[in-house]
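The lines below spell out each chain.
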Amino acid sequence: MRSPFAYTPRAGPLQAASPAAAVAYLGSLTVVAFLYSNPLVLAATGIAAALAGRLAGADRAVRAAIKLGLAIAVPIVVVNALVVSRGETVLARLGEWPLFGQVDVTAEAIADGCVFGLRAVVVMIAFAVYSACVDPDRVLRALRPIAGRSALTATLISRLVPVAAADAGRLRDAGRLRGPAAAPLGRAALARRLLAGSLDRAVDVASTLELRGYGLDAPRPDCAGCADCAQRSRFDARFYGIGTALLTAAIGAKLLGADAFSAYPTVQVGVATSTLAVSAVVVVAGLGPLARRRRPRRNPARAIRGSEAARA
Amino acid sequence: MPDLATPTRTAPALCIEGLTYRYPNADRSTKPASSPPGGPNVSFALRDVSLTLAAGELALLAGRSACGKSTLLRAACGLVPHFHGGEIEGSVSVAGIDALRAGPGELAAVVGYVAQDPETQVVSTTVAAEIALPLEMRGEPGVSRARAVEEVALALAIPHLLDRTVDTLSGGELQRVALAAALVTRPRLVLLDEPTSQLDPVAGDELIWLLRRLNEEWGVSILLAEHRLERCLAAADRVVAMDSGSVAFDGQPVDFLAWAQDADTALETPGARLFSLAGIEPLPTGVRDARRILASTEAVGGGRAGSPDRARRPVFRPAPLARAAHLEAKNPARGRDPRPSLDAMAADVRDLWVELDAGETARDVLRGIDLRVDRGERVALMGRNGAGKSTLLRTLAGLVEPVRGKVRVSDGMALLTQNPGDYLVRERVGDELPGEQGLAALRVVGLEHALDADPRDLSGGERQRLALAIALAGRMEGDELPGLVALDEPTRGMDRARKQELVELIGGLAGRGAAVVVATHDVEFAAAFAERVVLLGDGVTIADGAAAEILSGGWYFATEVARILDLPGVVTAEQGAAVLEAECL
């Protein structure tokens, strides 16, 4: 079974864009998520990231990211509610707990935890869309001339992670198929076997890289004739533009007070015009990967014949 | 002395002289052929190997498991000694480049290498990037990279795969992609290590003929290591047979068959065995050759000794019929009982539908399968890659949940998956299988003597038997086996001698009352052990019947003997020889 976060080639602006443009676009959404604490703007950023994923055909990745994000967000909310006792609206007094001391669960701490959790979900969605839509080979190709060793490490990891996941799945199956009288597999034995197998796999992949000439100190391709450099996507400008506009709007609105939010002592969510405006801009930015559908061109000769037939 | 990294047009594709090699940390137990008396005892993977491969030659590297074939290929592409280390003597040059001085990266311009397991030889995410990687590493400009990728993709008929990610490809497709990555630099020499071991007969045959076409049209020299010689002997110009790290034979395919007849019958092809049992000469290198010889035999009414062109004329040397009859009696492939008793049912599958996640969408892998297997039956489950064989076995074992249908397995089931190593997680056989029940399982597979051995020290066949014992342990009542024992592709990378051991083990399990179901691509192996063959195609049962009937009624899923003789029910060399001798008499 393929991971929902695995890159899948599709025809679409986000997939066609250069890795730098895609990173600029999705990175701007992530920056907004870290820049703002206002739940309205955060929710708008989440909607924008999910919309971008949907338009780029990465529904599965978005759904999985939401599930994973919620699995992370819920413990954040719970821990924040237990650890932070600030806030005026006490919902429950849980008494003295070892290590925690006096535990009072307040509505404000829960709300603050929700904001942290929401931010985690938004960042998770943006990364899921990146992972499912940006070709890792193009990213590595872009990285190689700048940081060869890092690119090599990234290449090995990007190949070995799915292989190790497949190995782990096979080992788990073999564990289930062991007879009841065979020694139980055990987590330690499984981990040891997986590690040993991964090392073997790493040696195989390293030898393949060696055979492909990875160890050669190859000259950088002449960029004048390089397909990757010469054939930059026509969508790059769009994503750079949206990323820049979004960041400018977000920073400007923040300076104008659009990020009005405070959890303590009582929850106050600012809904100023600037907040609504920046939220709207963020949601519209989610339309970035929208592909313009072209009407198929009609063959003029056939069109004439068609109209003649219609007249007849 | 040629330049270190400059290929020479006139130089042979591969020239090896006096090559002796030992892996680091190898056992110091045996003495190399060239070592002086009284010298150190060292286990050598290659011993005094000399071999020259001319430009445009297609040579087949034959030999039993662990005889040094893979090491020789690694030496020819520079992985030995540059990547693996170890001690080496002699010389290796590829297209005039000294392989012992130049590393694998430099050599990759003139030599391409395709290893046995395609999964470990892809390093990129998409097919196009994988094929382009060697050129990119050489700093080729994008325009020439794009052209080279397009051309090699067209040559290997994979342009439709270029935009796919490698983790969505089948084994056969992945093998072609690995071959494309090896060919994209237009190397003078291509080395392939058992490239068909994971392919179904259709994909395997296609790959061999693709190699022949590349060899003829592009002039690429090819050195191909294979166990299933019947698949590629007809395409080869020459055969090099290895034994214990040394070259034991080097010559024409037809001479190799004559040599194998005397030196190592495990290297005989089924067609050659058919002819040798029937006393016909010369031995055939392939189906076409065999048919031609048989046709001319009929035409001349059998060659006669003393005729001037005796060497080229087919000659009958009838073996005693008793010999063939004896072999026939030993052959376990016999007709099955057409009236199975209800008490003997081992597994029953009705209208089985299984859906698996195939990335973005779900795919029906099994579509309405009906199958009943009785105790004591030996069943071969066959079909092309992706037909649903492994999924069917995994569903029977409870690893996969069906979406529709009923699965009944009475008296338990033991399944051995494709990688026996996955079952071995401890460092002592006795620790894997503790107690009396563990010992009982070891007795079934004949490994009760190896309680204190480290599983890693066992041979490939022994490791497989140990994994089977682990799957059986606790599923037996006393010495009684579970109702169903299933093996998934157990012959990958096995030589014929080890396959014969496995045939005997399967016979033993069936003899003790277990139904044995084996998913396999190996038609010759299926003919050797199975009494019934179930043929799957795209998740549905295409054919289900006696092995002799199924394996003689087609082209791809038919044994070499069946393809030569084209007689219903004749699938093994012994059966074929009996028929030929009867006709002759």
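Bear in mind the structure is a predicted one, so any value in this text is a computation, not a measurement. (Residues numbered from 1 in each chain as written. Chains lettered and ligands numbered in written order. Predicted model: local features only at pLDDT ≥ 70, side-chain atom pairs only at ≥ 80, totals over all residues.)

Here we look at the overall build of chain A
Along the backbone of chain A there are twelve helices and four strands. The buried share of chain A, taken over its 312 residues, is 37%. (Helix = DSSP H or I, 4+ residues; strand = E, 2+ residues; numbered from the N terminus. Buried ≥ 20, exposed ≤ 12 C-beta atoms within 10 Å, placed from the backbone.)

A look at the domain arrangement of chain B
Residue and element names in this part refer to chain B. According to the domain assignment, chain B consists of domain 1 (57-86 + 97-257), domain 2 (265-330) and domain 3 (342-574). Elements represented by at least two residues in the side of domain 2 that touches domain 3 include exactly α10 (270-278), α11 (287-300) and α12 (321-330). Among the elements that make up the side of domain 2 that touches domain 3, the one with the highest residue count is α10 (five residues). (Domains from an automatic or database assignment.)

A word on helix α5 (residues 142-155) of chain B
Residues and elements named next belong to chain B. Taking 1.5 Å of rise per residue, the 14 residues of α5 would be expected to cover 20 Å, and the 20 Å separating its terminal C-alpha atoms lies within 8% of that figure. Every buried residue of α5 is listed here: Gly142, Arg145, Ala148, Val149, Val152 and Ala153. Across the axial projection of α5, the buried residues extend over an arc of 130°, all falling on one side. Looking at the residues trailing α5, positive phi occurs at Ala157, about 60°. (Expected span 1.5 Å × (residues − 1). Arc of directions from axis to C-beta.)

Regarding the nonpolar core
Core analysis: the biggest nonpolar cluster contains 200 residues, and Ala76, Ile131, Leu223, Ala469, Leu484, Ala526 and Leu551 of chain B have the highest contact counts within it. Setting aside residues no more than four positions away along its own chain, Ala526 of chain B makes contact with Ala380, Met382, Thr520, Val533, Ala547 and Leu551 of chain B. The next biggest cluster of nonpolar side chains, apart from the first, holds 59 residues, and it includes Leu51, Ala65, Val267 and Val281 of chain A. (Core = buried A, V, L, I, M, F, W, Y, C linked by C-beta atoms within 7 Å. Contact = placed C-beta atoms within 7 Å.)

Here's the deal with unusual backbone geometry
Look at the link from Tyr264 of chain A to Pro265 of chain A: it is a cis peptide, with omega at 0°. On the secondary structure map, Pro265 of chain A appears in the loop between β3 (261-262) and β4 (268-269). In this model, Ala66 of chain B sits at a positive phi of 60°, which is unusual for a non-glycine residue. By the element assignment, Ala66 of chain B lies in the loop between β3 (58-63) and α1 (69-77). Residue classification places Ala66 of chain B among the partly exposed residues on the basis of 14 C-beta atoms within 10 Å.

Comments concerning the sheet that holds strand β4 (residues 87-94) of chain B
Backbone hydrogen bonds are what pair the strands of a sheet, in a parallel or an antiparallel way. All names here are of chain B. Ordered in space as β2-β1-β4-β5, the four strands form an open sheet in which the pairing is antiparallel. With one partner strand each, in any of the chains shown, β2 (46-53) and β5 (97-98) form the two edges of the open sheet. Where strand β1 (residues 14-22) and β2 come together, five bridges link them in antiparallel fashion. Of the residues in β2, the one forming a bridge with Leu19 is Val49. (Pairing = 2+ DSSP bridges.)

What to know about the packing of helix α2 (residues 19-35) of chain A against helix α5 (residues 107-133) of chain A
Residue and element names in this part refer to chain A. Interaxial distance between α2 and α5 falls to 9 Å at its minimum, and their mutual angle equals 175°. If you check the angle between α2 and α5, you find them roughly antiparallel. Seen from α2, the contacting residues are Ala22, Leu26, Leu29, Thr30 and Ala33; seen from α5, they are Arg119, Val122, Val123, Ala126, Val129, Tyr130 and Cys133. Looking at the contact of α2 with α5, its residues break down into ten nonpolar, one polar and one charged. (Axes fitted to C-alpha atoms, helices over the stretch in contact; angles between N-to-C directions. Parallel < 35°, antiparallel > 145°, perpendicular 65-115°, else oblique. Nonpolar A, V, L, I, M, F, W, Y, C, P; charged D, E, K, R; others polar.)

Notes on the interface of chain B and chain A
At the interface, 58 residues of chain B touch 54 residues of chain A. Of all the secondary-structure elements, those providing two or more residues to the side of chain B that touches chain A are α3 (104-107), α4 (127-137), α5, β17 (413-416), α14 (429-432), α15 (435-444) and α16 (460-472) of chain B. When its residues are assigned to classes, the side of chain B that touches chain A shows 28 nonpolar, 17 polar and 13 charged.

Quick word on the sheet that holds strand β21 (residues 540-546) of chain B
All names here are of chain B. Pairing within the open sheet is mixed, and its six strands lie in the order β17-β18-β19-β15-β20-β21. Pairing within the sheet leaves two strands with one partner each, and these edge strands are β17 and β21. The sheet shows a mean angle of 15° between the axes of neighbouring strands, direction not considered. Across four bridges, the pairing between strand β15 (residues 378-382) and strand β20 (residues 532-537) is parallel. The residue bridging Ala380 from the neighbouring strand is Val533, located in β20. Packing against the sheet, helix α17 (residues 496-511) makes contact with β15, β18 (484-488) and β19 (515-519), and its axis sits at approximately 145° to β19.

Structural notes on the environment of Leu177 of chain A
With respect to the element layout, Leu177 of chain A can be found in helix α7 (residues 148-177). Exposure remark for Leu177 of chain A: the 23 C-beta atoms within 10 Å place this residue in the buried category. Not counting residues within four places of it along the chain, the set of residues in contact with Leu177 of chain A comprises Ala397, Leu415, Thr417 and Ala471 of chain B.

A look at the confidence of the model for chain B
A low pLDDT means the predicted coordinates there should not be read in detail. All names here are of chain B. The pLDDT averaged across chain B works out to 84; a share of 86% of its residues lies at or above 70. Long-range and interchain partners of residues 29-41, a stretch whose pLDDT sits below 50, account for 17 contacts in this model, where long-range means more than four residues apart. The low-confidence segment residues 302-342, where pLDDT is below 50, has 59 contacts with residues more than four positions distant or belonging to other chains. Across the interfaces of the predicted complex, the ipTM metric reaches 0.77, alongside a pTM of 0.78. (pLDDT = per-residue confidence, 0-100.)

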